[in-house]
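The lines below spell out each chain.
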Amino acid sequence: MASCLASYSRSLAGVKRKGGRGMATVVGRKPPTAIVMMNMGGPSTLPEVHDFLSRLFHDGDLIPLPFQKYIAPLIAKRRVPKIEKQYAAIGGGSPILRWTRQQGQAMIPLLDELSPSTAPHKAYVAFRYARPYTEDCLDELRRDGVKRAVAFTQYPQYSCSTTGSSLNEMWRWATGVSRRPKVGEEEVKVGLEGVEWSAIDRWFSHPGLVEAFARNIEAALEHYDASERASVVLLFSAHSLPMSVINRGDPYVLEVSSTVSAVMARLGNRNPYRLVWQSQVGPSAWMGPQTNDALKGLARLGQKKVCLVPIAFTSDHIETLYELDHEYGKEAKELGIDITRAESLNGSPVFARAIADIAAAHLKEVKATGRHASVQMGLRCPGCKFDHCGKTKEWFANGGR
């Protein structure tokens, strides 16, 4: 891993940065290869909060609830005032759409250069719970005449509740299982035929991802005097999952842990560190320890210098800007902790090169092997009881056919 990272780091020096709006450029002579950047999304404005929460709590892949279709609307309605205040505190909406588009724009010129045989490429956004929804993205693919598409999860570590949910949603809309309600006599477009699909479902140990995280941590550690940097505790924080999801065999915890191990190896294992979990919802058991509890424990043990590292997010949104910065940052200061946070990947050129490399390697592998999805994606969790998961995996493995 160390030699691989060193080689990757050296290769970044030769990266050519080209201009242009990679997100919107379509060459007329040939439809673009679509790189569909999938994520959970977030409300861009306060009026969008209710619909965001409603979709989120209706998703049984993310938060399985008894009598979900009845309970979900009640939970969403109850939580709206609190969540609106949180989004108001970070500027009135989530920046995740802006960052995802910016990352796509930075990726596309590099990808065109790395994979000229599949160029031109165009980045699209498909959010699970906020606009542009998956069905909005497919409308755009249809307008552009796309014949080749890559479902590229922006969750580096795979979970059935995140990447799995987004892939399931893509399968439903692309095959016509999900349909828009008919408006009058207007014909409703169903499905997306004639498109070859493949999936990038996980990339938790890619050298470029590791390098991007490591550089941001190194920059954050400059907050402290050089003589004390090695004693700063690195607290890697990832979104938690219900234990019911983990216990059925979800690989998320293992893959997040692998990312942390790779980043620490790149940093020379100089700092003490722990992996902690945030964003628990409801009274059921979730993966722990929770980030705020870990901060209290470190303070009690006399560890008063901490650097928070969002290790499972590729850009800023509510979990970083409010939960980490506002809530936990305030708690840490009250506990006497000198706390800082590593910047999210956001506009990192190292990250842009990483996702371009990942997409280029994937396109090359699909062409060489005919395999449209990873070996790991083909394996269902031992405790999986959802038929739609198996159908989604089979559909992607067959190239969307």
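Rules behind the numbers
- Residues numbered from 1 in each chain as written.
- Predicted model: local features only at pLDDT ≥ 70, side-chain atom pairs only at ≥ 80, totals over all residues.
- Heavy atoms only, no water.
- Helix = DSSP H or I, 4+ residues; strand = E, 2+ residues; numbered from the N terminus.
- Rg over C-alpha atoms; globule rule 2.2 N^0.38 Å.
- Buried < 20%, exposed > 50% of the residue type's maximum accessible area, 1.4 Å probe, protein only.
- Contact = heavy atoms within 4.5 Å.
- Areas by Shrake-Rupley, 256 points an atom, 1.4 Å probe, with all protein chains shown as cover.
- Lys, Arg positive; Asp, Glu negative; His and termini not counted.
- Charge placed at Lys NZ, Arg CZ, Asp CG, Glu CD.
- Core = buried A, V, L, I, M, F, W, Y, C linked by side-chain atoms within 4.5 Å.
- Domains from an automatic or database assignment.
- Phe/Tyr/Trp six-rings, centres within 6.5 Å; stacked < 30°, edge-to-face > 60°.
- Lys NZ or Arg CZ within 6 Å of the ring centre and 35° of its normal.
- Pairing = 2+ DSSP bridges.
- Axes fitted to C-alpha atoms, helices over the stretch in contact; angles between N-to-C directions.

With that out of the way, let us pick up the overall build of the protein. Assigned secondary structure in the protein consists of 13 helices and 8 strands. In summary, the protein has a C-alpha radius of gyration of 21 Å against a globular reference of 21 Å for 401 residues, a match within 12%. With the C-alpha coordinates aligned to their principal axes, the bounding extent of the protein is approximately 65 × 55 × 40 Å. Expressed as a percentage of the 401 residues in the protein, the buried residues total 57%. Expressed as a percentage of contacts within the protein between residues at least 6 apart in sequence, the contacts between residues at least 24 apart total 81%. As presented, the protein carries roughly 17,700 Å² of accessible surface, and 53% of it is formed by carbon and sulfur atoms. Charge centroids of the protein, computed over 51 positive and 40 negative side chains, lie 2 Å from each other.

So, on to the nonpolar core. M107, F152, I217, F236 and I311 are the most contacted members of the largest nonpolar core, which totals 55 residues. Among the elements that take part in this core, helix α12 (residues 349–369) stands out by supplying 9 residues, more than any other. Among the domains, domain 1 (33–179 + 190–204 + 350–398) and domain 2 (207–341) are the pair contributing at least three residues each to this core. When residues no more than four places from it in sequence are discounted, the contact partners of I217 are L234, F236, V263, L267, V309 and A342.

Looking now at the packing of aromatic side chains. Scanning the entire structure with this criterion turns up 8 aromatic pairs. Each member of the aromatic cluster is reached from another via a ring pair, and the members are F152, W203 and F351. One residue, R202, lies across the ring of Y158, its end atom 4.4 Å from the ring centre.

The 4 strands are arranged β2-β1-β3-β4 in an open sheet whose pairing can be described as parallel. Edge strands, defined here as strands with exactly one partner in the open sheet, are β2 (121–127) and β4 (196–200). Across the sheet, the mean angle from the axis of one strand to that of its neighbour is 25°, orientation sign disregarded. The sheet contact formed by strand β3 (residues 148–153) and β4 spans 5 bridges and is parallel. Following the sheet pairing, R148 is matched in β4 by E196. Relative to the sheet, helix α4 (residues 96–114) contacts β1 (33–39), β2 and β3, its axis offset from that of β2 by approximately 155°. This element, helix α6 (residues 163–175), spans β1, β2, β3 and β4 of the sheet and lies at about 130° to β1.

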